[in-house]
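Coordinate analysis (summary)
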Amino acid sequence: MPFLGQDWRSPGQNWVKTADGWTRFLDEKSGGYVADISSFCKKDDHNKENRFNSLNYDVAAKKRKKDLLNNKTKIQYFHQEKWIYVHKGSTKERHGYCTLGEAFNRLDFSSAILDSRRFNYVVRLLELIAKSQLTSLSGIAQKNYMNILEKVVQKVLEDQQNIRLIRELLQTLYTSLCTLVQRVGKSVLVGNINMWVHRMESILHWQQQLNNIQITRPAFKGTTLTDLPLCLQLNIMQRLSDGRDLVSLGQVAPDLQVLSEDRLLWKKLCQYHFTDRQIRKRLILSDKGQLDWKKMYFKLIRCYPRKEQYGDTLQLCRHCHILSWKGTDHPCTANNPETCSTSLSPQDFINLFRF
């Protein structure tokens, strides 16, 4: 008698379950065990097995089709909450830590790009991720990144604004991918190499679309910038934070060209972006012996980062360690949550997830 719980059916033998129990069958011709026991199965059971196998094939085909669609999906990974808990260590109440990819998926950047106050913030964040953080994103976060980037490009194509800004972003991303794809054998990217080649082709296509933009002059013939008093024109120019915009504006009309060379205008621009110490290290004199603020500005931006200012930023609550967009309600237990919030620059956001 076999021991209780022991499988008494020897491995490698053919057994068939009958009304009297499990029975071993021998092949009379070969003297061995029967290799095919389908003849001992009921016809209905055999059909059920065929239907089950057919179902498995259908499920596998549907899965392959789903995977293919997922590679081409345009839907953002979505969470209902608009905030995320950020903590760098494990506690008794919460295990593990939040990653950059999780935060990128949860904070609804797809909607943020439609807000003019947040657009430049998101673009700057996309640029920083493209420079050094692509390999730290999960597969779904990388897919989400590309989907948001595509929405940014489409917005620029429709609005015809911030063209140069997005060109620089696409060039930065393409350069980074060229380097990473060459190292794909070291598993630095998530996904199939063909998928990344397709994404790089999309980037080149977007760059071509941006290069083909023809900005049309509006049909409205009302008051223009050059119709305003000179003091107002100069005041408007002082609101521009990028020297390249001043140069481009000066190419529109001869009068604007004169104003765009104003020394005081470039001096204020240098003082806005850089400290006095940085300026003193990069002094440049003109032929007349005066400080050439325009040349100093373009030399300074090659040496130091410019000051960043955004209409709306992400906020980190120091009390509950919750990250969210400004004005977003989150479950904070502080008596006065507004006083606990700290604005984060795009670089500060990246630094939160460096462990």
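Figured I'd write up the structure that's included with this text. No experiment lies behind these values; they were computed from the predicted model shown.

Rules of the game
Residues numbered from 1 in each chain as written. Predicted model: local features only at pLDDT ≥ 70, side-chain atom pairs only at ≥ 80, totals over all residues. Heavy atoms only, no water. Salt bridge = Lys/Arg side-chain N within 4 Å of Asp/Glu carboxyl O. Helix = DSSP H or I, 4+ residues; strand = E, 2+ residues; numbered from the N terminus. Buried < 20%, exposed > 50% of the residue type's maximum accessible area, 1.4 Å probe, protein only. Pairing = 2+ DSSP bridges. Expected span 1.5 Å × (residues − 1). Arc of directions from axis to C-beta. Axes fitted to C-alpha atoms, helices over the stretch in contact; angles between N-to-C directions. Parallel < 35°, antiparallel > 145°, perpendicular 65-115°, else oblique. Contact = heavy atoms within 4.5 Å. Nonpolar A, V, L, I, M, F, W, Y, C, P; charged D, E, K, R; others polar.

**Side note on the pattern of salt bridges**
Taken as a whole, this structure holds 12 salt bridges when the rule is applied. Between Lys 131 and Glu 127 there is a salt bridge; the shortest N-O distance is 3.8 Å. Highlighted residues: Lys 131 and Glu 127, both in helix α4 (residues 116-133), separated by 4 residues, approximately one helical turn. The partner of Arg 306 in a salt bridge is Asp 242, with the nearest N and O atoms 3.3 Å apart.

**A look at the pairing of strand β5 (residues 322-325)**
Burial of β5 is two-sided: the residues Ile 322 and Ser 324 facing one way and the residues Leu 323 and Trp 325 facing the other way are all buried. Relative to β5, strand β3 (residues 83-85) is paired through 3 bridges, and the arrangement is antiparallel. Each residue of the ladder has a partner; that of Tyr 85, found in β5, is Ile 322. Here strand β4 (residues 314-317) pairs with β5 via 3 bridges, running antiparallel. Within β5, the position partnered with Gln 315 by the bridge is Ser 324. The loop that links β4 with its antiparallel partner β5 comprises 4 residues; one of these, His 321, has a positive phi angle of about 60°.

**Comments concerning helix α7 (residues 193-211)**
Here α7 contains 19 residues, and its C-alpha end-to-end distance of 27 Å stays within 8% of the 27 Å for a straight helix at 1.5 Å per residue. Of the positions making up α7, those classed as buried are Met 195, Trp 196, Arg 199, Met 200, Ser 202, Ile 203, Trp 206, Gln 207 and Leu 210. Summarising the axial view, the buried residues of α7 lie within an arc of 155°, below the 170-degree limit, and thus occupy one face.

**A closer look at the sheet that holds β5**
Spatially, the 4 strands line up as an open sheet ordered β3-β5-β4-β6, and their pairing is antiparallel. Because the sheet does not close on itself, it has two edges, and the strands there are β3 and β6 (341-344). Shown here is a sheet whose adjacent strand axes are inclined to one another by a mean of 25°, direction ignored.

**Thoughts on the packing of helix α9 (residues 243-250) against helix α13 (residues 293-303)**
Packing of α9 against α13 brings their axes to within 11 Å, and their N-to-C directions diverge by 135°. The orientation of α9 relative to α13 falls into the category oblique. Together, Gly 243, Arg 244 and Val 247 of α9 and Lys 294, Tyr 297 and Phe 298 of α13 make up the contact between the two elements. Across the contact of α9 with α13, the residue classes tally to 3 nonpolar, 1 polar and 2 charged.

Everything listed is a geometric property; what it means functionally is a separate question.
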